[in-house]
Amino acid sequence: MKKFIFSLVAVATVFSSQAQLLWKVSGGDAKGDSYLFGTHHIAPASILDSTAGFAEALNGVSTVYGEMEMSEMTSPATQQIVMKYSMAPADSTLSKVLTPAQVDSVNSILAKYTGGMLTAAAVDMMKPVVLDTQLGVFQSMTAFPEFNGQEQLDKIVQDKAIAAGKTVKGLETLEQQMGMLMGAPISEQAEGLMKSVRNDEKSIEYAKTLAQAYLAGDLAKMQEMFDDPEVGMSPELAKRMLYDRNDNWMKVLRAQLPAENVMVVVGMGHLIGEQGLVEQLRKAGYEVTAVK
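Residues numbered from 1 in each chain as written. Predicted model: local features only at pLDDT ≥ 70, side-chain atom pairs only at ≥ 80, totals over all residues. Heavy atoms only, no water.

A. Representation of the overall build of the protein chain in the model. Counting secondary structure elements, the protein chain contains 14 helices and six strands. Counting only C-alpha atoms, the protein chain reaches 60 × 45 × 35 Å along its principal axes. The buried share of the protein chain, taken over its 292 residues, is 47%. In the protein chain, of all internal contacts separated by at least 6 residues, the share reaching a separation of at least 24 is 83%. Carbon and sulfur atoms make up 57% of the accessible area of the protein chain, which amounts to about 13900 Å² in all. The average position of the 25 basic charges and that of the 34 acidic charges among the side chains of the protein chain differ by 1 Å. (Helix = DSSP H or I, 4+ residues; strand = E, 2+ residues; numbered from the N terminus. Buried < 20%, exposed > 50% of the residue type's maximum accessible area, 1.4 Å probe, protein only. Contact = heavy atoms within 4.5 Å. Areas by Shrake-Rupley, 256 points an atom, 1.4 Å probe, with all protein chains shown as cover. Lys, Arg positive; Asp, Glu negative; His and termini not counted. Charge placed at Lys NZ, Arg CZ, Asp CG, Glu CD.)

Dropping the structure here:
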């Protein structure tokens, strides 16, 4: 099948006015209008200019909540926390939890992306999920070579909020997020890494299709892809990565919505589906409508 790399920038120029990325939350015990905005890790910053009502929404709130406060990510203390959670126990390094054949497969994939600059041996002391996450970055960059990793959408929104004099807060601490990302059993992490290796080419196509669904605001397609048994999330992973966190974030929102107008800026996967923030807020008595 002929492959065609779609440019995110080109797609953004025809971004649909019907896309459902920005939602207004009102009614119930809300103080006024608050907002939800769903992000995507490789979406271009220009998506903000293409999203009808985004600037007005940001201007109308007092606080912006992200998954975490991005300005903390560069501090030495943060780097120490990241390293603490990224290192594998001495008896669970990559060479101990993967077979020699699996290590060879991992090295073949890494050679494809780095030309031999990165090998499994070089990151042997890291947990499998660290390498799995890096592989996901390589796959996304292959799908969208135009993507600028320095323009991560969540951080850009927080930077805009700070520049506008808004308060920026995190729904989670770094400790909580790292525990969630790195805390799965090593055997489960190793299985996830090898699944990513086996599905490398499909994951590239998945990254392209998911980004296109995001830019089109096609929530049904995104939900379908998250549920894909081959490259999507397993029910256990979805519970840990999405649904349990949504439940915790709802506690914050139920406390803050009566007190102030806020904008919640989180990954789009947290907004969609029956257990997403949109439906949970509706069930809690709020009116949640797509901003067109």
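Let us keep going from here.
B. Quick peek at the side chain of glutamate 67. As for its position among the elements, glutamate 67 is in the loop between strand E3 (63-66) and helix H4 (76-86). Within the structure, the side chain of glutamate 67 is placed 2.9 Å from the backbone nitrogen of glycine 267, a separation counted as a polar contact. Setting aside residues up to four positions removed in sequence, glutamate 67 forms contacts with Gly170, Leu171, Glu172, Gln177, Arg245, Trp249, Val265, Val266, Gly267 and His270. (Polar contact = N/O pair within 3.5 Å; in protein donor to acceptor, adjacent residues only side chain to side chain.)

C. Local environment of helix H9 (residues 174-182). Within the span of H9, buried status applies to Leu174, Gln177, Met178, Met180 and Met182. As for H9, its buried residues are in contact with H4, helix H7 (128-143), helix H10 (186-198) and helix H13 (235-256).

D. Spatial organisation of the pattern of salt bridges. By the definition in use, this model includes 13 salt bridges. One salt bridge in this structure joins aspartate 228 and lysine 202, with 3.9 Å as the shortest N-O distance. Within this pair, whereas aspartate 228 is found in the loop between helix H12 (219-226) and H13, its partner lysine 202 is found in helix H11 (residues 200-215), the two being separated by 26 residues in sequence. Judged by relative accessible area, which is 33%, lysine 202 ranks as partly exposed. Note that lysine 283 and glutamate 274 form a salt bridge whose closest N and O atoms lie 3.5 Å from each other. Each of Glu67, Glu172 and Arg245 takes part in a single network of salt bridges with overlapping partners. (Salt bridge = Lys/Arg side-chain N within 4 Å of Asp/Glu carboxyl O.)

E. Structural context of the confidence of the model for the protein chain. Scored by pLDDT, the protein chain comes out at a mean of 88, with 93% of its residues at no less than 70. In the model, residues 1-18 has pLDDT below 50 throughout and makes 33 contacts with residues more than four positions away in sequence or in other chains. (pLDDT = per-residue confidence, 0-100.)

F. Region of interest: the sheet that holds strand E5 (residues 262-267). The mixed open sheet is built from six strands, whose spatial order is E4-E3-E5-E2-E1-E6. Strand pairing shows two members of the sheet lacking a second neighbour, strand E4 (167-170) and strand E6 (287-290), which therefore form its edges. Put simply, the sheet's adjacent strands are angled 20 degrees from each other on average, direction ignored. One ladder, built from five bridges, connects strand E2 (residues 34-39) with E5; its direction is parallel. Note that in E5 the partner of tyrosine 35 across the bridge is methionine 263. (Pairing = 2+ DSSP bridges. Axes fitted to C-alpha atoms, helices over the stretch in contact; angles between N-to-C directions.)

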